[in-house]
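Next come the chains, spelled out residue by residue.
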Amino acid sequence: MNDSRSFNWQGWSVFGALLLLWECASRFNPDLQLYLPPVSQILGTLARLIVSGQIVTHLAITFTRFLEGYFLAAVIAVILGAVLGYFRFAHSLFETVIEFLRPMPSVAIIPVAVLLLGIGDSMIVAVTVYASLWPVLINTIDGVRHTERTLIDTGRTFGLSRRRLLWQVVLPAASPYIVTGLRVSLSIALILVTTGEMVAGSRGLGFFILDQERSMNSGNMYAGIILVAGLGYLLNRLFLLCEERAMKWRHGMIAREAV
Amino acid sequence: MPILEVQNLSKTYRQMGGETTLAIGDISCKVEPGEFVSFVGPSGCGKTTLLMSIAGLIAPSTGKIIVHGKEVSGPPANLILVFQEFNKSLFAWRSVLGNVRFGLEARGNHSRESANKARSLIELVGLKGFENHYPWELSGGMQQRVAIARALAYEPELLLMDEPFGSLDALTRLELEDTLLKLWEELGTTILFITHDIEEAIYLSDRIWLLSRRPSQIVEELAIDFARPRDQITTRAEARFMGIRNRIYQRINSEGAP
Ligand SMILES: Nc1ncnc2c1ncn2[C@@H]1O[C@H](COP(=O)(O)OP(=O)(O)OP(=O)(O)O)[C@@H](O)[C@H]1O
Ligand SMILES: [Mg+2]
C-alpha cells in the first residue's frame with residue numbers, strides 16, 4: 001500500500017486523464033453534452049453556486065446532519081459493542097436480533113423512520129445513526145472478544161476492576177478493530193444522509209441534487225454531485241489523518257511485522 | 001503466618017474433544033513472608049498452571065490456595081504474576097515508560113513522581129534510553145525486562161515469576177539475577193520463581209521444590225543456605241553449589257529428563 005505521506009502521482013494522473021476524457025467527449029459531442037456537460041462548465045457552475053451562497057446552506061445542512069448522525073452512531077456503537085463483546089450473556093441475548101437486522105439494507109427503514117418521525121432533520125439523522133451503527137458495532141464486538149487472553153490476565157493480576165479493565169486494556173487492544181468500523185461507517189453515514197435528503201428532505205445536498213434534476217437543470221445537479229463527492233473525499237482524508245496520529249503504535253507494529 | 005499456602009492442589013484440564021489432561025497431581029507447600037523460593041521441573045509438568053492458580057486466574061480442580069490467610073477465589077491484592085508469554089502481556093499501545101507506569105497507576109499512583117520512579121526502574125533493568133520506545137520495537141529479552149519493571153513498579157508483596165529470564169542471553173541473565181536479588185532484599189517482597197535453569201534456582205533461592213513429570217508432585221524440597229548477599233563468582237564457586245546442582249540433576253534424571 002502507498003504511504004499516505006508520499007503523493008500518489010500515478011493515481012492522480014489517471015484521475016486527471018479521466019476528467020480530460022470527460023471534458024473532450026462532452027465538448028465534441030453535443031448529444032452527450034445535453035445530459036453530461038463538460039467538467040469545466042460544471043466546475044464553473046459550482047463556483048457560481050458557492051459564491052452566490054445558494055449551495056452553501058445545503059452543504060452546511062448536509063454536513064451538520066452527517067456530523068450528528070455519525071458521531072451519535074459512533075458513541076452508541078462503541079458503548080454497545082463493548083458491553084456486548086465483554087459480557088457473554090448480553091451477547092447471547094442479542095446475537096440473533098443483530099444477525100437479523102444487520103444484513104437488511106438500511107435504506108429500507110427510511111419509510112419506517114418517516115412514519116415515526118415525519119419528514120425532516122430528526123428522521124434523516126435517525127436513519128444515518130441506524131445505518132452507521134452496524135460496522136462500528138460488529139467490529140467493536142469482534143475486537144473486544146478477540147482481546148488476547150494474556151492481556152486481560154495482566155490487567156486482572158494488577159487488580160484492575162472490570163470497568164478499568166475495559167477502559168485501560170480491552171478497548172485499547174480492540175481499537176484497531178473499532179477504527180476499521182469507524183472508517184466504513186464514515187461513507188455509509190454520508191450515503192444515508194444524502195439518500196434521506198433525496199427521499200424526504202426539503203434542504204441539503206441530496207435534496208438539491210434531485211430538485212435540480214427534476215427542474216431539468218443538469219448543470220446544477222452535477223455541481224451538487226461533485227460537491228458531495230468532494231465532501232466524502234475530504235472526510236475520508238481527514239479520517240485517515242486523525243487515524244494515523246491516534247494509531248501510530250499500530251502502524252509501527254504492522255510495519256515491523258511486515259519486515 | 002505463611003504468606004502463601006497451597007493445600008493438595010490438583011488441576012485437570014478438559015479439552016474440547018472431551019479428553020482430560022491431569023496437569024497437577026497433588027501439590028502442597030508453604031511460603032513464608034520474605035522468602036525467595038523456586039520451582040524446578042520438566043517442561044509441561046504444570047508450572048505455569050500452578051502459578052496461574054496461585055494468581056487466581058484459573059480455578060484449581062481440587063485443593064485450596066491461601067494467600068495472606070484468605071482463600072483465593074480471584075486475583076488476590078498485592079500479588080503480581082509475570083507471565084511466561086511476556087510478549088503478549090505488554091501493552092502495545094503504551095511506550096516502555098507507559099507500560100512501567102501502568103504498574104504504579106494500578107496502585108493508584110498517578111503522581112508526577114511516578115514518572116521518575118518508573119524511569120529509575122527502567123534504568124535498573126538496563127533499558128535506559130528506551131523509555132519512549134514501544135514494546136514491539138524491542139527484542140524479546142528487552143520486552144521481558146519491561147514486564148519485570150512493570151511488575152516491580154507495583155511493589156507486590158508476593159511476586160510470581162514464570163521463567164522470567166528464559167529468553168535472555170547469559171550475560172544479561174546474570175545481571176538481572178543480581179538486580180532481582182537486590183530489589184528483593186530492598187523491598188522485602190516474597191518471590192516465587194520458576195526456571196528451567198537449575199543453577200539459577202540455586203543461586204537465587206532460599207528453597208527449591210523439584211517437581212515430577214505430569215501429573216506433577218513435589219518430589220523433593222531443598223534448603224539453600226548460602227550467605228546473602230550472594231555473588232555470581234564466589235557463590236557459584238562454592239563446593240556445595242556443585243554438590244547441590246549434581247544432586248538435582250540426578251534426581252531429575254531418575255524422574256525422567258527435563
Ligand atoms: N488451557 C489448557 N487446556 C488444556 N490443557 C492445558 C491447558 N494449559 C495447559 N495444558 C496442559 O497442562 C500441562 C501443563 O501445562 P503448563 O503450561 O502448566 O506446563 P509448564 O510446566 O508451565 O510447561 P513449560 O515449562 O513448557 O512452560 C501440559 O500438558 C499442557 O498440555
Ligand atoms: Mg510454563
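Cut-offs applied
Residues numbered from 1 in each chain as written. Chains lettered and ligands numbered in written order. Predicted model: local features only at pLDDT ≥ 70, side-chain atom pairs only at ≥ 80, totals over all residues. Heavy atoms only, no water. Helix = DSSP H or I, 4+ residues; strand = E, 2+ residues; numbered from the N terminus. Rg over C-alpha atoms; globule rule 2.2 N^0.38 Å. Buried < 20%, exposed > 50% of the residue type's maximum accessible area, 1.4 Å probe, protein only. Contact = heavy atoms within 4.5 Å. Near = heavy atom within 4 Å. Polar contact = N/O pair within 3.5 Å; in protein donor to acceptor, adjacent residues only side chain to side chain. Areas by Shrake-Rupley, 256 points an atom, 1.4 Å probe, with all protein chains shown as cover. Nonpolar A, V, L, I, M, F, W, Y, C, P; charged D, E, K, R; others polar. Donors = N, O, S within 2.8 Å, 3.2 Å for Na, K, Ca; no water. pLDDT = per-residue confidence, 0-100. Pairing = 2+ DSSP bridges.

### Some remarks on the overall build of chain B
Step number 1: Within chain B, the regular secondary structure consists of nine helices and 10 strands.
Step number 2: At 18 Å, chain B has a C-alpha radius of gyration in line with the 18 Å of a compact globule built from 258 residues.
Step number 3: With the C-alpha coordinates of chain B rotated into their principal frame, the extents come out at 50 × 50 × 35 Å.
Step number 4: Looking at chain B as a whole, 54% of its 258 residues are labelled buried.
Step number 5: A separation of at least 24 residues holds for 68% of the contacts in chain B among residues at least 6 apart in sequence.

### Focus on the site of ligand 1
All names here are of chain B.
Step number 1: Neighbouring residues of ligand 1: 14 residues in total, closest Ser 43, Gly 44, Lys 47, Thr 48 and Thr 49.
Step number 2: At 2.6 Å, a side-chain N or O of Ser 43 approaches an oxygen atom of ligand 1.
Step number 3: Here Glu 163 contributes a side-chain N or O atom positioned 3.2 Å from an oxygen atom of ligand 1.
Step number 4: Burial of ligand 1 by the protein chains amounts to 67% of its free accessible area of 630 Å².
Step number 5: Here the shell around ligand 1 gets three residues from one element, more than from any other, and that element is helix α1 (residues 47-54).
Step number 6: Grouping the amino acids of the shell around ligand 1 by side-chain chemistry returns three nonpolar, eight polar and three charged.

### Section: the coordination of the magnesium ion (ligand 2)
Residue and element names in this part refer to chain B.
Step number 1: Here the magnesium ion (ligand 2) is held by the protein donor atoms Thr 48 (OG1) and Gln 84 (OE1), which lie 1.9 to 2.1 Å from it. With a gap of 36 residues between them, Thr 48 in helix α1 and Gln 84 in the loop between β6 (79-82) and α2 (86-89) connect regions that are remote in the sequence.
Step number 2: Residue class for Gln 84 comes out partly exposed when judged on its relative accessible area of 35%.

### Description of the confidence of the model for chain A
Step number 1: On average, residues of chain A carry a pLDDT of 91, and 97% of them reach 70 or more.
Step number 2: When the elements of chain A are averaged for pLDDT, helix α12 (residues 248-258) of chain A gives the smallest value, 81, and helix α8 (residues 149-157) of chain A the largest, 96.

### Thoughts on the pairing of strand β4 (residues 62-67) of chain B
All names here are of chain B.
Step number 1: In the sheet, strand β1 (residues 4-14) pairs with β4 via five bridges, with the strands oriented antiparallel. Across the sheet, residue Leu 4 finds its bridge partner in β4, namely Val 67.
Step number 2: Sheet topology places β4 next to strand β5 (residues 70-71); two bridges connect them, and they run antiparallel. Residue pairing in the sheet places Ile 66 in a bridge with Glu 71 of β5.
Step number 3: The antiparallel pairing of β4 with β5 creates a hairpin that spans two residues between the two strands, and His 68 there sits at a positive phi of about 55°.

### Observations regarding the side chain of Arg65(A)
Step number 1: Counting through the fold element by element, Arg65(A) comes out in helix α4 (residues 54-86).
Step number 2: With near-sequence residues (within four places) excluded, Arg65(A) lies in contact with Asp121(A), Ile124(A), Val125(A), Val193(A), Glu197(A), Arg203(A) and Gly204(A).

### Observations regarding the environment of Val125(A)
Residue and element names in this part refer to chain A.
Step number 1: Take Val 125: it is sitting in helix α7 (residues 121-145).
Step number 2: Along the primary structure Val 125 and Ala 73 are separated by 52 residues, whereas in three dimensions their C-alpha atoms are 9.7 Å apart.
Step number 3: Apart from residues no more than four positions distant in its own chain, Val 125 is found in contact with Arg 65, Glu 68 and Gly 69.

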